Amino acid sequence: MRFPLTLAHIFERAGKLFPKSEIVSRLPDKSLHRHTYSEFCRRARALGGALQHMGLKRGDRVATLMWNHYAHLEAYFAVPCAGGVLHTLNLRLAPEDIAWIANHAGDRFLIVDDVLLPLYSKFREAAKFEKVIVVPLTGSSVAAEFDDYEAVIARSRPFKPLALKEEDPAGMCYTSGTTGRPKGVVYSHRALVLHSLASALPDVMGMSNHDTVTPVVPMFHVNAWGMPFTAAMVGAKLAFPGPHLDAVSLLDLYQSEQVTLTAGVPTIWAGILQALDQEPARWKLSAGMRMVVGGAAAPESMIRAFDRHNLMVIHGWGMTETTPVAAVNYVKRELAGPAGDTQYAQRAKQGVPLPLVEVRAMTGEGEAAWDGATMGELEVRGPWIAAKYHDLETEADKWSADGWFRTGDVVTIDAHGYIKITDRIKDLVKSGGEWISSVDLENALVGHPKVAEAAVIAVPDAKWGERPLAVVVLKPGQSATAAELREYLAPKFAKFCLPDGVLFVAEIPRTSTGKMLKAKLREQFKDWKTS
Ligand code: AMP
C-alpha cells in the first residue's frame, strides 16, 4: 500500500499510544516543568490551529528562537502537521546573521522564548515577522505588541488535519558554516520519518519506549539530531535541559530523571568528565547511560574515560545536509572482544553508515579501497541526504548526477566499513607531497593529561610546502613545554607528521555550534616560523 510517511502519523500515534509518557523541562529559574505526551499533543494541536488561524499556508516557514524544552517540542510537531515548515534559528549566531537567515528563508512567523527577547530586540529591525509569539517561560507577562504563547494556546481550536504528502517540506536548518554565508537545507516529512526509524535501531541510538532521553545538542542545530522526533515515535520520556547546559546542571538532571540516553558535542562531554573526575561520588547516574557524541571527533581518551565511569560513548557522524545522522559507531560482531587498544581505536572512528545510507571515499583516481589507509573525500547518498540547498544555485556542483553528495570531509574506510575522518578538505596538511591528518594529531594531544584542547593547522613552509603547527589549551593550573608534548606524540606518529611547533593559547576560537575555527587560527599564525 502506498502510505505517506509524514510526521502527522508519528504525532497522532504518540498521543494515542503514549499519553502518559513524561516531558520534563528545566526552566530558566532552574525549576523543573513536567507534563505528559497527552498534554503535549493537546497543546501542539492548539498551536497548529492558532497558526492556521493567523494565516499559515502550506509550505510557510515558522521560525523558532528557543532553547530545548516542552514548548519547542510542541512547535516541532504543530508547525509541520499544520502544513508549515519549522525553521529553527540558531541563537548563538550574531544578530545580523540571524536576521540574514530569517530573511533568506522568508520566515513569516516567529516563536521566541521570553528570555531570548533581548537577543530578538537586536535584530527586530532587520528581520520583520508578521507575528511574534512569546513563550512566557519565566511566568512574567508578555508585552502587548506580541502574542502570548499560553494565551494563544488557551483560546485556539485544534488545527485542521491536512492531506500531507511525504515530499512536503517539514523543517529547515542552516549550516553553521566556518566560512561564507550559511546555507539552508529543507527536510521533507519522508526524510524525517525515515531518519527517525533508522535512528531508533539498536545499532544506531537504540532508542526505546523505556528510555529517558536528554538532547543536549540544541533543538536549533539540525533538529537536535532528530531526537525529539525519534523519542515521540517510540514514546520515550524526554528530559530537556532548557538554557542550563553547564556540567553540574546536566548531571543533576541526569540523576533526578535517571536519564538513559543523551547526546551532544564533545565540548559538553569534556566539561561533564571534568566534573565527574572531580567529584566521582556526587551523582548516582543510570548505569551504562549512553551518550551520543558527534559534530566533532570524540577522542579515544574521552571514550576510555567515560567507560571508567560506566557511561557509554556512542560516536556518530553527520552534517546539516544529512538530516544529520548518517554513520554511527557500534562494535560489530566480527570485532567483539575484550576492551583493549584495538577496540578503543575502532570505537573512536566515526562509525558505519546507517541502513539506506551509501558511502564512498573518492580520490583523484576514483573510489578509494576500503583498506583503512587510503584517504578520499567522503561522498554520501540516501533518502535523508539533501539534494540541494534552499534558494542557492552556486553550490550545485556538490551533488553528482546520480545523487552523491560531496561532504568536504576526508576519510578512510576500513575493511569492516568503519569511516574515520582524517580532516576537512580545507584543513588537511600537505607536507612534502604527503597528507598529514590534523585530526589524528589533535586526538592524540588531548590524550595527554595536561591538555584540555588542541587544534593542528597547516602553516606555509618554504621547503615542505606546509608543516603542521599545534595550538594547545592546557587544563587549568597546568604548565607544559612544546618539547614535552612532541615527545608524547613521538611514539604514535611517523617523524614527518610531528608538529614543528606547539603554541599555548588561552582559548581556541569556535563556531556557534562548537567547531574549531581553524581558518581563524591559520590566519593568525600564517607567518609562524620554527626558530
Ligand atoms: P554541521 O553541518 O554543522 O553539523 O557540520 C558537519 C561537519 O561536522 C561534518 O562535515 C564534519 O566535518 C564534522 N563532524 C560531524 N561529526 C563529526 C565526528 N563525529 N567527528 C569528526 N567530525 C565530525
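To be clear, the structure that these remarks concern was listed above.
Residues numbered from 1 in each chain as written. Predicted model: local features only at pLDDT ≥ 70, side-chain atom pairs only at ≥ 80, totals over all residues. Heavy atoms only, no water.

Visitor: Can you lay out the overall build of the chain for me, pointing to particular residues and giving the numbers?
Guide: Across its full length, the chain holds 16 helices and 26 strands. For 531 residues, the compact-globule estimate of 2.2 N^0.38 gives 24 Å, and the C-alpha radius of gyration of the chain, at 23 Å, lies within 12% of that figure. Its C-alpha atoms give the chain principal-axis dimensions of roughly 70 × 55 × 50 Å. Here the chain holds 531 residues, and the buried ones make up 57% of them. Residue pairs at least 24 apart in sequence account for 67% of intrachain contacts in the chain once pairs closer than 6 positions are excluded. When the accessible surface of the chain is split by element, carbon and sulfur atoms take 54% of a total near 22,000 Å². One way to put it: in the chain the 59 positive side-chain charges average out to a point 3 Å from where the 59 negative ones average out. (Helix = DSSP H or I, 4+ residues; strand = E, 2+ residues; numbered from the N terminus. Rg over C-alpha atoms; globule rule 2.2 N^0.38 Å. Buried < 20%, exposed > 50% of the residue type's maximum accessible area, 1.4 Å probe, protein only. Contact = heavy atoms within 4.5 Å. Areas by Shrake-Rupley, 256 points an atom, 1.4 Å probe, with all protein chains shown as cover. Lys, Arg positive; Asp, Glu negative; His and termini not counted. Charge placed at Lys NZ, Arg CZ, Asp CG, Glu CD.)

Visitor: If you had to explain the packing of aromatic side chains to someone new, which residues and values would you point to?
Guide: For the coordinates displayed, the defined rule picks out 12 aromatic pairs. The interplanar angle of 90 degrees and the centroid separation of 5.6 Å between the aromatic rings of Tyr120 and Phe123 together place this pair among those described as edge-to-face. Of the two residues, Tyr120 and Phe123 are both situated in helix α5 (residues 117-123); the distance of 3 residues between them amounts to about one turn of the helix. For the residue pair Tyr120 and Phe123, the accessibility class agrees, reading buried in each case. Relative to Phe129, the ring of Tyr120 lies with its centre 6.5 Å away and its plane at 45 degrees, an arrangement referred to as tilted. A connected cluster of aromatic rings, assembled from ring pairs, spans Phe11, Tyr37, Phe40, Tyr76, Phe77, Phe159 and Phe229. Lying across the ring of Tyr389, Lys183 places its NZ or CZ 5.6 Å from the centre. A cation over a ring is seen here: Lys430 above Trp435, with NZ or CZ 4.6 Å from the ring centre. (Phe/Tyr/Trp six-rings, centres within 6.5 Å; stacked < 30°, edge-to-face > 60°. Lys NZ or Arg CZ within 6 Å of the ring centre and 35° of its normal.)

Visitor: Requested: an account of the pattern of salt bridges, with residues and values cited.
Guide: Tallying each qualifying case throughout the model produces 35 salt bridges. A salt bridge links Arg43 to Glu74, with the shortest nitrogen-to-oxygen separation between them at 2.8 Å. With a gap of 31 residues between them, Arg43 in helix α2 (residues 37-53) and Glu74 in helix α3 (residues 70-81) connect regions that are remote in the sequence. With a closest N to O distance of 2.9 Å, Asp341 and Arg304 form a salt bridge. Of this pair, Asp341 sits in helix α13 (residues 341-347) while Arg304 is found in helix α12 (residues 300-308), placing the two residues 37 residues apart along the sequence. Counted as one network, the salt bridges with shared partners bring together Glu22, Arg34, Lys237 and Glu257. (Salt bridge = Lys/Arg side-chain N within 4 Å of Asp/Glu carboxyl O.)

Visitor: So, the sheet that holds strand β6 (residues 131-135): which residues are in play, and what are the values?
Guide: Neighbouring strands of a sheet are bound in pairs by backbone hydrogen bonds; such pairs are parallel or else antiparallel. Spatially, 7 strands are ordered β7-β6-β5-β3-β4-β8-β9 in an open sheet, and the strand pairing comes out mixed. Of all the strands in the sheet, the pair left with one neighbour each is β7 (147-148) and β9 (184-188). Bridge count between strand β5 (residues 107-113) and β6: 5 bridges; the pairing is parallel. Pairing of Leu110 across the sheet is with Val132, part of β6. Contacts from helix α4 (residues 95-105) reach β3 (61-65), β4 (85-88), β5 and β8 (169-174) within the one sheet, and its direction differs from that of β8 by about 150 degrees. (Pairing = 2+ DSSP bridges. Axes fitted to C-alpha atoms, helices over the stretch in contact; angles between N-to-C directions.)

Visitor: Describe in detail the environment of His416, supporting the description with residues and values.
Guide: Looking at the element boundaries, His416 is found in the loop between β20 (405-413) and β21 (419-424). Considering only alpha carbons, one finds His416 and Asp397, 19 residues apart in sequence, at a separation of 30 Å. Non-local contacts of His416, meaning those with residues more than four positions away in its chain, are made with Lys332, Glu334, Leu335 and Val352.

Visitor: Provide a residue-level description of the site of the ligand, including the pertinent values.
Guide: Taken together, 15 residues are adjacent to the ligand, and Gly316, Thr320, Gln350, Asp409 and Arg424 come closest. A distance of 2.9 Å separates a nitrogen atom of the ligand from a polar side-chain atom of Gln350. In the complex, the protein chains occlude 91% of the 500 Å² of accessible area that the ligand would expose alone. Sort the elements by how many residues they give to the shell around the ligand and strand β14 (residues 312-318) lands first, with 4 residues. Tallied by class, the residues present in the shell around the ligand amount to 4 nonpolar, 8 polar and 3 charged. (Near = heavy atom within 4 Å. Polar contact = N/O pair within 3.5 Å; in protein donor to acceptor, adjacent residues only side chain to side chain. Nonpolar A, V, L, I, M, F, W, Y, C, P; charged D, E, K, R; others polar.)

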